[in-house]
Amino acid sequence: MEFDDYWLLFPEILARGETAAEPLNLEPVTPGLTAALVRAGIAAGWQPEAAREPLHFVMVGDRTAFVLVGETSR
């Protein structure tokens with residue numbers, strides 16, 4: 001899940017101007033969201049205890065109501 005660390009990117013943000021932070025994804029990944037993603041991944045076929053190639057999913061919807069869709073091209 002993408003998360004842009006404001007303080008890590010602060011020098012670049014400062015160089016671009018005050019409104020440069022707007023396109024950044026500054027909403028953190030919370031423990032509740034992590035738990036929801038794990039449950040959704042298991043429902044979509046991920047088996048965390050299985051030793052195999054990683055599965056890749058795309059999160060469709062917003063953080064409060066989403067589904068995970070298997071990504072076929074990686």
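Refer to the structure printed above.
Scoring rules and cut-offs
Residues numbered from 1 in each chain as written. Predicted model: local features only at pLDDT ≥ 70, side-chain atom pairs only at ≥ 80, totals over all residues. Heavy atoms only, no water. Helix = DSSP H or I, 4+ residues; strand = E, 2+ residues; numbered from the N terminus. Buried < 20%, exposed > 50% of the residue type's maximum accessible area, 1.4 Å probe, protein only. Contact = heavy atoms within 4.5 Å. Areas by Shrake-Rupley, 256 points an atom, 1.4 Å probe, with all protein chains shown as cover. Pairing = 2+ DSSP bridges. Patch = residues over 30% accessible without salt bridge, like charges linked within 9 Å, V, L, I, M, F, W, Y side chains within 5 Å. Salt bridge = Lys/Arg side-chain N within 4 Å of Asp/Glu carboxyl O.

### Let's talk about the overall build of the chain
When helices and strands are tallied, the chain shows two helices and two strands. Reading the secondary structure of the chain in the N-to-C direction produces α-α-β-β. Counting every position in the chain, which comprises 74 residues, the buried fraction comes to 15%. If you take every contact in the chain between residues at least 6 apart in sequence, the share linking residues at least 24 apart comes to 34%. When the accessible surface of the chain is totalled, it reaches about 5,800 Å², and 58% of it is carbon and sulfur.

### Observations regarding the pairing of strand S2 (residues 65–70)
Bridge count for strand S1 (residues 57–62) against S2 is six bridges, and the pairing is antiparallel. What sits directly across from aspartate 62, in S2, is alanine 65. The turn linking S1 back onto S2 is made up of two residues.

### Considering a nonpolar patch on the surface
There is a patch of nonpolar side chains on the surface, built from Val38, Ile42, Trp46 and Leu55 and spanning about 310 Å² of accessible area. Looking at the secondary structure, you find tryptophan 46 in the loop between helix H2 (31–43) and S1. Using a relative accessible area of 31% as the deciding quantity, one classes tryptophan 46 as partly exposed.

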